[in-house]
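One letter stands for each residue in the lines below.
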Amino acid sequence: LVFTEEDKYGLYSNLLFKYFLAEGVICGHDLFVASAKEHPDNILKELPAPLLDDTHRNELGGEEATAVKSEDFPDSMKIAWRYQNLPKMEASPTTSTKFGHYYDVSKTMSPELFQSIKWHSFYLPEELSLQPKMKTCNMNSAYARLLQSIQRIIYQEGFDGSDPQKKQKNILRIGIQSLGSMLWGDDICSSDTPENIHSLTKFLYVLRGLLRKSLSACIITVPAHLIQNKAIMERVTNLSDMVVGLESFIGSERETNPLYKDYHGLVHVHQIPRLNSLICDVSDTKDLAFRLKRKLFTIERLHLPPDLSDTVSRTSKQDLAESAKLLSSGCGAMAIGKKHLDF
């Protein structure tokens, strides 16, 4: 169960959501797409096209085509020696380690690739029109309908492990978009004291049990920046296997900061799965950033360039001025006036 905190405008989290589904199509997995906002048919039509071969240097242009592997340089030519022994975190076609498949976000997947897989959809407005009333046990009606639909697909398609000799084993990829928003009939994003405060956590608890007993994986995007109740977010984190947050630079000060000019946002890894264990794994790499190139969406280790200018750009001048005032008693005349200290 992968829990993804959406960025402020939902642009990059939606792209990551489509990457998860596109990987399922290429691997031949069955898909289950649930949404209350955008119709699942439209989501599948906008999946990025795969790069099926290694001719990405000819396919890609500009910045991507000029990327060179670090192994092409001798040791004597390597700079930034303190990064020499660090593990590689870049997941892009230019690295020597192949991880999954790579996709061209400027193109959509061809309909022929969908012919070899089965896909199921859950669109909440259509479900409400088919069955307007439904009995629930202290749970949001939309969540109960979604659980019922997921459970039906798992048992009918044999993902629960039944009849293993009759049908070849496969994996069901479940994608749920913007869960917890007002479109799902939940008020956790609009109120500090929601009416059904345990509705989302009950849904995740039941869904987690379904995933454990079946050959399925699920990704959920949630507008976490709208949820003000921290207790709900803590419960949701504990009920998820992996928790990742996306922070976009759109509309923030970092968008115009020259230090972050090569990136479009940050990736916060809050929790890494360690199944069948009492504790969760903690990543040793905290500084991750993403950028959307002309055709690729890449996640890399965040490397900030050194500040060699006369003016300090790592922090604002106001913060440095306040620090200078605090240090004025110890540093004497060096910290008086508008001069800034850069240690």
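On a predicted model such as this, the values are computed, not experimentally measured, just so you know.

What follows is about the overall build of the protein chain. When helices and strands are counted, the protein chain shows eight helices and eleven strands. Expressed as a percentage of the 343 residues in the protein chain, the buried residues total 41%. Considering only contacts in the protein chain between residues 6 or more positions apart, those separated by 24 or more positions represent 72%.

Glancing now at the pattern of salt bridges. Taken as a whole, this structure holds six salt bridges when the rule is applied. Between Lys 18 and Glu 46 there is a salt bridge, with the nearest N and O atoms lying 2.6 Å from each other. In this pair, Lys 18 is assigned in helix H1 (residues 11–27) and Glu 46 in the loop between helix H2 (40–45) and strand S3 (48–51), connecting sequence segments 28 residues apart. Of the residues examined, Lys 18 reaches a relative accessible area of 8% and is grouped as buried. According to the relative accessible area criterion, Glu 46 is partly exposed, its value standing at 39%. The salt bridge partner of Lys 118 is Glu 157, with a shortest N-O separation of 3.6 Å. Separated by 39 residues along the polypeptide, Lys 118 in the loop between strand S4 (102–108) and strand S5 (119–123) and Glu 157 in the loop between helix H5 (141–156) and strand S6 (172–176) bring together distant segments of the chain.

With 69% of its residues at a pLDDT of 70 or more, the protein chain has an overall mean of 77. Looking over the protein chain, one finds the lowest element-wise mean pLDDT in helix H3 (residues 56–59), namely 42, and the highest in strand S2 (residues 30–35), namely 96. Scored below 50 in pLDDT, residues 89–96 makes 25 contacts in the model with residues more than four places away or belonging to other chains. Below pLDDT 50 for its whole length, residues 331–339 participates in nine contacts with residues either more than four positions away or in separate chains.

It is worth spelling out the pairing of strand S1 (residues 2–5) at this point. As defined by bridge partners, S1 adjoins strand S7 (residues 216–222) across four bridges and the pair is classed as parallel. The partner of Phe 3 across the bridge, within S7, is Ile 220. Taken together, the four bridges between S1 and strand S8 (residues 242–248) define a ladder with parallel strand orientation. Considered in S8, the bridge of Glu 5 is made with Gly 245.

This part is about the side chain of Asp 7. As for its placement among the helices and strands, Asp 7 is situated in the loop between S1 and H1. Among the polar contacts listed, one links the side chain of Asp 7 to the backbone nitrogen of Tyr 12, at a separation of 3.3 Å. Among the polar contacts listed, one links the side chain of Asp 7 to the backbone nitrogen of Ser 13, at a separation of 2.9 Å. Look past the residues within four positions of Asp 7 in its chain and what remains in contact with it is Tyr 12, Ser 13, His 225, Leu 246 and Ser 248.

This part covers unusual backbone geometry. Phi is positive for Ser 178, which is not a glycine, with a value near 50°. Mapped onto the elements of the fold, Ser 178 is located in the loop between S6 and helix H6 (199–212).

Once that is clear, we can look at the sheet that holds S7. Hydrogen bonding along the main chain pairs the strands of a sheet, whether they run parallel or antiparallel. Read from one edge to the other, the open sheet built from nine strands follows the order S5-S2-S6-S7-S1-S8-S9-S10-S11, with strand pairing classed as mixed. At either end of the open sheet lies a strand with only one pairing partner, and these are S5 and strand S11 (297–301). Sheet twist, expressed as the average angle between the axes of neighbouring strands with direction ignored, equals 20°. Alignment of strand S10 (residues 288–292) against S11, held across five bridges, turns out to be antiparallel. Within the sheet, the bridge partner assigned to Leu 288 lies in S11 and is Arg 301. Running at roughly 155° to S7, H6 makes contact with S6 and S7 of the sheet.

Relative to each other, H6 and helix H7 (residues 230–239) sit at 0°, their axes nearing to 10 Å. Here H6 is positioned roughly parallel relative to H7, judged by the angle of their axes. Along its contact with H6, which presents Leu 200, Thr 201, Leu 204, Tyr 205 and Arg 208, the element H7 presents Arg 235, Val 236, Asn 238 and Leu 239. Class assignment for the residues of the contact of H6 with H7 results in five nonpolar, two polar and two charged.

Moving on, we get to the pairing of S6. Across the five residues of S6, five count as buried, placing the element largely inside the fold. Burial along S6 is two-sided: the residues Leu 172, Ile 174 and Ile 176 and Arg 173 and Gly 175 are all buried. Here S2 runs beside S6; their pairing, made up of five bridges, is parallel. From the neighbouring strand, Asp 30 faces S6, where its bridge partner is Leu 172. Direction of pairing for S6 relative to S7: parallel, over a ladder of five bridges. Opposite Leu 172, over in S7, you have Ser 216 as the bridge partner.

Scoring rules and cut-offs
Residues numbered from 1 in each chain as written. Predicted model: local features only at pLDDT ≥ 70, side-chain atom pairs only at ≥ 80, totals over all residues. Heavy atoms only, no water. Helix = DSSP H or I, 4+ residues; strand = E, 2+ residues; numbered from the N terminus. Buried < 20%, exposed > 50% of the residue type's maximum accessible area, 1.4 Å probe, protein only. Contact = heavy atoms within 4.5 Å. Salt bridge = Lys/Arg side-chain N within 4 Å of Asp/Glu carboxyl O. pLDDT = per-residue confidence, 0-100. Pairing = 2+ DSSP bridges. Polar contact = N/O pair within 3.5 Å; in protein donor to acceptor, adjacent residues only side chain to side chain. Axes fitted to C-alpha atoms, helices over the stretch in contact; angles between N-to-C directions. Parallel < 35°, antiparallel > 145°, perpendicular 65-115°, else oblique. Nonpolar A, V, L, I, M, F, W, Y, C, P; charged D, E, K, R; others polar.

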